[in-house]
Amino acid sequence: MRPYLFILLSLILTINTSAQTFDQLNRVSNATIDAYYSDGHQQRAAAITQRMEKALTYHEHLLGFRPTVTLLILAPSDWNKYTKLSMIYGMPHYTSEKTLIVAAEDNAFWKSFVPPMDQLPVALRDQIYKVYTTEDSSLSMRAFFDLLAIHELAHAFHMQGNIGMQRKWMGELFANIFLHTYISNNEPASLPALTLFPEMVVASGTEGFLFTSLSDIQERYAEIGQQYPRNYGWYQCRWHVAAAAVYNSGGTEVCGKLWKVLRKQKESLSDDELNDLLEIEVDKTLAEIIRHWDRDTVK
């Protein structure tokens, strides 16, 4: 199976768009957040905005904090007008600490993650058809990528909340726990779309990857993300799978526990100190996943 992987460059916040206006876009009416969309996408923009509002409110109650986010839902014709990061169309991303951009349309990028169906076991092929078939009967990972805006929202929470993540990879793992917690409690019907693709990628192994350890991604985060995108995508899939395991172990409370521990812990911890703290204060499964990451990596 070709390891179709994605790049989640969640922390690329180098462009300050605070002075940018959105006069050429349409404003989502009756929204509690600032949300704008391209012509012809009113219905989809309303649905995406409603999900983001619900996720903001849900996690505000869970974590006791609410960041400020401006949401742009863009057609391909508007994409490059508002993002100067050369980001491929379809990848949710920030252009500032508060401006989140998502795609309004299905696209070739999302479709490119569909594996060669004739090479898959029948049971897995049937699952993919069931979960990732679109309205026009084609296959696309749109259902998965649509959920990643909530992963990005998690970064707004911890960045604007000045939460020290202790590790670069912990920021990503937190974002996936945040996402999985929201979906489990608010949109459980979307769980297959969230979990099937990462499980498929992780199960395919690590052949061809130069980096697989948490120390690798900690020390070479930017390098792996920029120069080895497939390898970075594998890490994100592992974090997705880990987030599901942590939620299944600790339930809804685990996200809040992790937030509180990281907010309280101001001093930098060693690996052993961090694992011990997580095991005692958050969830044993979370600590075990981190502690045995290398042992449990599928070769």
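Above this text you will find the structure in question.
Just so we're clear, the structure is a prediction, and the values are computed from it rather than from any experiment. (Residues numbered from 1 in each chain as written. Predicted model: local features only at pLDDT ≥ 70, side-chain atom pairs only at ≥ 80, totals over all residues. Heavy atoms only, no water.)

A.B. asks: Even after reading the chapter, I still don't get unusual backbone geometry, so can you show me in this structure?
C.D. replies: Backbone geometry follows two general trends: most residues other than glycine have a negative phi, and most peptide bonds adopt the trans configuration. Although it is not a glycine, Asn30 adopts a positive phi angle of roughly 60°. Within the secondary structure, Asn30 sits in the loop between strand 1 (26-27) and strand 2 (34-37). What makes Asn30 exposed here is its relative accessible area of 80%. The backbone of Gln166 sits at a positive phi, close to 70°, despite the residue not being glycine. Position of Gln166 among the secondary structure elements: in the loop between helix 6 (148-160) and helix 7 (168-186). (Helix = DSSP H or I, 4+ residues; strand = E, 2+ residues; numbered from the N terminus. Buried < 20%, exposed > 50% of the residue type's maximum accessible area, 1.4 Å probe, protein only.)

A.B. asks: How should the state of the cysteines be read in this particular structure?
C.D. replies: Where two cysteines share a covalent bond between their sulfur atoms, that bond is called a disulfide. With the rule as written, the count across this model stands at 0 disulfides. Cysteine Cys237 shares no disulfide, and the gap to the nearest cysteine sulfur, in Cys255, comes to 20 Å. In this structure Cys255 comes out as buried when scored by relative accessible area, which is 0%. (Disulfide = S-S within 2.5 Å.)

A.B. asks: Is there a simple way to explain the packing of helix 4 (residues 122-132) against helix 8 (residues 191-203) in this structure?
C.D. replies: Angle between the axes and distance between the axes: these two values describe a pair of packed helices. The geometry of helix 4 relative to helix 8 is characterised by a closest axis approach of 10 Å and an angle of 145° between their N-to-C directions. Where helix 4 crosses over helix 8, the two elements pack in a sense that is left-handed. Residues Leu124, Gln127, Ile128, Val131 and Tyr132 of helix 4 form the contact with helix 8, whose participating residues are Pro192, Ala193, Leu196, Phe197 and Met200. (Axes fitted to C-alpha atoms, helices over the stretch in contact; angles between N-to-C directions. Left-handed = near helix turned anticlockwise from the far one by under 90°. Contact = heavy atoms within 4.5 Å.)

A.B. asks: In this structure, what is going on with the packing of aromatic side chains? I would like to understand it.
C.D. replies: All told, the structure shown has 24 aromatic pairs when counted by the stated rule. On the basis of an interplanar angle of 15° and a centroid distance of 6.1 Å, the ring pair of Trp110 and Phe145 is categorised as stacked. In this pair, Trp110 sits in helix 3 (residues 108-111) while Phe145 sits in helix 5 (residues 142-145), placing the two residues 35 residues apart along the sequence. The exposure classification of Trp110 matches that of Phe145, with both residues buried. Relative to Phe197, the ring of Phe144 lies with its centre 5.2 Å away and its plane at 65°, an arrangement referred to as edge-to-face. Of the two residues, Phe144 is situated in helix 5 and Phe197 in helix 8; the sequence distance between them amounts to 53 residues. Phe197 matches Phe144 in its accessibility class, with the two residues each being buried. Grouped by ring-pair contacts, the aromatic residues Phe109, Trp110, Phe113, Phe144, Phe145 and Phe197 constitute a single cluster. The ring of Trp293 carries Arg238 above its face, with NZ or CZ at 3.7 Å from the centroid. (Phe/Tyr/Trp six-rings, centres within 6.5 Å; stacked < 30°, edge-to-face > 60°. Lys NZ or Arg CZ within 6 Å of the ring centre and 35° of its normal.)

A.B. asks: What's the story with helix 11 (residues 229-250) in this structure? I'm lost.
C.D. replies: Under the 1.5 Å per step criterion, the end-to-end length of helix 11 is 31 Å for 22 residues, consistent within 8% with the ideal 32 Å. In the segment just after helix 11, Gly251 is the residue with positive phi, at about 70°. (Expected span 1.5 Å × (residues − 1).)

A.B. asks: What should I look at first to understand the pattern of salt bridges in this one?
C.D. replies: If the charged atoms of two oppositely charged side chains come close together, the side chains can form a pair. Applying the stated criterion across every chain yields a total of 14 salt bridges. Here Arg44 ties to Asp146 by a salt bridge, and the two come within 2.7 Å at their closest N and O atoms. Placement of Arg44 in helix 1 (residues 42-63) and of Asp146 in the loop between helix 5 and helix 6 is noted, with a sequence separation of 102 residues between them. On the basis of relative accessible area, Arg44 is assigned to the buried category, the value being 14%. A salt bridge links Glu288 to Arg291; the nearest nitrogen and oxygen atoms lie 2.5 Å apart. Residue Glu288 and its partner Arg291 are both found in helix 14 (residues 284-291); the two are separated by 3 residues, about one turn of the helix. Judged by its relative accessible area of 33%, Arg291 falls in the partly exposed class. In this structure, a network of salt bridges that share partners links the residues Asp276, Glu279, Glu288 and Arg291. (Salt bridge = Lys/Arg side-chain N within 4 Å of Asp/Glu carboxyl O.)

A.B. asks: Help me understand the sheet that holds strand 5 (residues 99-103), please; the structure alone is not making it clear to me.
C.D. replies: Paired through backbone hydrogen bonds, the strands of a sheet run either parallel or antiparallel to each other. Ordered in space as 1-2-3-5-4, the 5 strands form an open sheet in which the pairing is mixed. Looking at which strands have only one partner, the edges of the open sheet turn out to be strand 1 and strand 4 (93-94). Bridge count for strand 4 against strand 5 is 2 bridges, and the pairing is antiparallel. Note on strand 5: the bridge partner recorded for His93 is Ile101. Across the sheet, helix 1 touches strand 2, strand 3 (70-74) and strand 5, and the angle it forms with strand 3 is around 150°. (Pairing = 2+ DSSP bridges.)

A.B. asks: Where do I start with helix 12 (residues 253-264) in this structure?
C.D. replies: Owing to its 3.6 residues per turn, the α-helix aligns residues three or four sequence positions apart on the same side. Between its first and last C-alpha atoms helix 12 spans 17 Å; for 12 residues at 1.5 Å apiece the expected length is 16 Å, and the two agree. Those residues of helix 12 lying buried are Val254, Cys255, Gly256, Leu258, Trp259, Val261 and Leu262.

A.B. asks: I would appreciate a short explanation of the pairing of strand 3 in the present structure.
C.D. replies: Looking along a regular strand, one sees the side chains alternate between the two faces of the sheet. Most of strand 3 is tucked away, with 5 of its 5 residues classed as buried. Of the two faces of strand 3, the one carrying Thr70, Leu72 and Leu74 and the one carrying Leu71 and Ile73 are both buried. Running through helix 1, the crossover from strand 2 to the neighbouring parallel element strand 3 is left-handed. With 5 bridges joining them, strand 3 and strand 5 adopt parallel strand pairing. Bridging from a neighbouring strand, Leu72 pairs with Ile101 of strand 5. (Right-handed = clockwise from strand over helix to strand, strands pointing away.)

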